[in-house]
Amino acid sequence: METLFTQALGLVPPWAVSSYEFSQAAGRIDFHVRCDAPRLVCPACGAADQPIHDVKARSWRHLNFFQYQAWVHAEVPRVACGKCGKTTQVGVPWARQGSGFTELMEAFVVALCREMPMAAVAKLLGVSDNRVGRVLDFHVEAARAKEDYSGVHAVAVDERSAHRGQRYVTVFHDAQARRVLFAVPGRKADTFAAFVDDLVGHAGDAKAIETVSMDLSKAYQAGAREHCPNATLCFDPFHVVALAHQALEQVRRQEVKDEDDLKGIRWATLKHPADWTRNQVVAMHFLQHSNLKTARAWRIKEAVRAVFRDCKDAGAARTALTAVISWARRSRLAPFKRLGATLREHLDGILEHFRCGLSNGYAEAMNGLIDAAKRRARGYGTDRRLITMCYLIGSKLKHLPANPWLRHVAAAT
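What comes next concerns the included structure.

Reading the values: rules and limits
Residues numbered from 1 in each chain as written. Predicted model: local features only at pLDDT ≥ 70, side-chain atom pairs only at ≥ 80, totals over all residues. Heavy atoms only, no water. Helix = DSSP H or I, 4+ residues; strand = E, 2+ residues; numbered from the N terminus. Buried < 20%, exposed > 50% of the residue type's maximum accessible area, 1.4 Å probe, protein only. Contact = heavy atoms within 4.5 Å. Pairing = 2+ DSSP bridges. Right-handed = clockwise from strand over helix to strand, strands pointing away. Arc of directions from axis to C-beta. Phe/Tyr/Trp six-rings, centres within 6.5 Å; stacked < 30°, edge-to-face > 60°. Lys NZ or Arg CZ within 6 Å of the ring centre and 35° of its normal. Patch = residues over 30% accessible without salt bridge, like charges linked within 9 Å, V, L, I, M, F, W, Y side chains within 5 Å. Areas by Shrake-Rupley, 256 points an atom, 1.4 Å probe, with all protein chains shown as cover. Salt bridge = Lys/Arg side-chain N within 4 Å of Asp/Glu carboxyl O. Expected span 1.5 Å × (residues − 1).

## A closer look at the side chain of Arg144
Mapped onto the secondary structure, Arg144 falls in helix α4 (residues 129-145). Given a relative accessible area of 9%, Arg144 falls into the buried group. Contact partners of Arg144, with chain neighbours within four places excluded, come to Tyr149, Leu181, Phe182, Asp198, His202, Tyr391 and Leu397.

Structural data, given as structure tokens:
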């Protein structure tokens, strides 16, 4: 049986299973591994054939043996090197240095964290969530260190709430490869400085970035202009239309105080007409045939939406947007007068969407996956945990450990 377990654990000489203990009452099986070599290579300098100084007992949690916990125990040698003068503990082939899990167990933890909250994984394994978090942090950081960003030329940037609107994380996306590049706490201009430092660390070049898609945040604009000097700013259509929605809602909230007919109409004004319910169709029919300020506001908002829905090129979009801006500034509605001024100030960046076709659509889709993970976890206690999940979910990391249950399936196919 020792030979079978040696093969099952993937051990090769000088390592081998010397004995095992199975306790059904305790719900575990313990494998004892020995090292048969009298002399080993020095882990510090690589000098061959060095004597063993002493051994130290170590234990690692392994993948379950059927329904029982499995543990690997070994007396790990320390080598006394005559060449470098150091006494160093050797590494074991089944676990990374300093970990209490085997490599296969850590790969399983990473696979579980893709689908489950860290707290749920920790409860399933009977360990602390901080221990799970440390495993995930190590492998995500190690995988990111091997990523190559030399081909990044278009970036989308957006913010995510980290904790009830009190803390924010800025997420940078590769708009062409559709992956998360970098995430950092905050939503100020200096987030771009941190992004560029990380980009350079992965063989990227800020001067090679041609376009940055974003919302109309002045902080992001300042950061992009300073740290991505050759990039053209492209303002995301979703955020532009969102400004029109906000202006409409401001008008409606003010007018509903005097107009009872506007009560309950909010969601209809925000939805696409094709999605209206029967009652909303009736309510919007009344609104469109009224002289209320909200009716005017809704028509201007729909005109903004129509620009991005109907215009096929920058020339047509410029003509349509110029007309909408003029209409908004003459509307005698203060929120839309401000909207018109904002659109005029950012007109070139808005039109850039029609020239390059770039938007934050992928970033918003990824934000939906990140938000789903946040809801499953009921939020994250630290920004670092949220950022780690952003990378795990959205970075398409190629160097994460493979799910141990799927390795043989992948090899067979």
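## Quick notes on the pairing of strand β11 (residues 232-235)
Bridging between strand β10 (residues 211-214) and β11 involves four bridges; their strand directions are parallel. Each bridged residue has a counterpart across the sheet, and for Met214 the counterpart in β11 is Phe235. For the segment spanning β10, helix α6 (residues 218-227) and β11, crossover handedness is right-handed.

## Overview of helix α9 (residues 278-288)
Those residues of α9 that fall on the buried side of the exposure criterion are Gln280, Met284 and Leu287. The arc that holds the buried residues of α9, viewed along the axis, is 50 degrees, so those residues lie on one side. α9 presents Arg278, Asn279 and Val282 as exposed residues on the side facing more than 90 degrees away from its buried surface.

## Some thoughts on the packing of aromatic side chains
The geometry of an aromatic ring pair is captured by two quantities: the separation of the ring centres and the angle between the planes. In the structure shown here, the tally under the stated rule is 15 aromatic pairs. Ring geometry for Phe5 versus Phe65: centroids 6.1 Å apart, planes at 75 degrees, classification edge-to-face. Here the residue Phe5 occupies a position in helix α1 (residues 2-8), and Phe65 occupies one in strand β4 (residues 50-65), the gap between them amounting to 60 residues. In this structure an aromatic cluster arises from ring pairing among Phe5, Tyr20, Phe31, Phe65 and Phe66. In this arrangement the basic side chain of Arg131 is found over the ring face of Phe101, its NZ or CZ atom lying 4.2 Å from the centre. Arg187 extends its terminal NZ or CZ atom over the ring of Tyr168, reaching a point 3.7 Å from the ring centre.

## Focus: a nonpolar patch on the surface
A cluster of nonpolar side chains, namely Met1, Leu4 and Tyr20, defines an oily patch on the protein surface of about 300 Å² accessible area. On the secondary structure map, Met1 appears in the segment before α1.

## Some points on helix α12 (residues 334-345)
With 12 residues, α12 extends 17 Å from end C-alpha to end C-alpha; this agrees with the ideal 16 Å at 1.5 Å per step. Along α12, the residues classified as buried are Pro335, Phe336, Leu339, Gly340 and Leu343. Along the long axis of α12, the arc covered by the buried residues comes to 140 degrees, so they all point the same way. For α12, exposure combined with an orientation more than 90 degrees from the buried face picks out Arg344 and Glu345. Buried positions along α12 lie against α7 (237-255), α10 (293-310), α11 (314-329) and α13 (347-356).

Any functional reading would require information that these geometric values do not contain.
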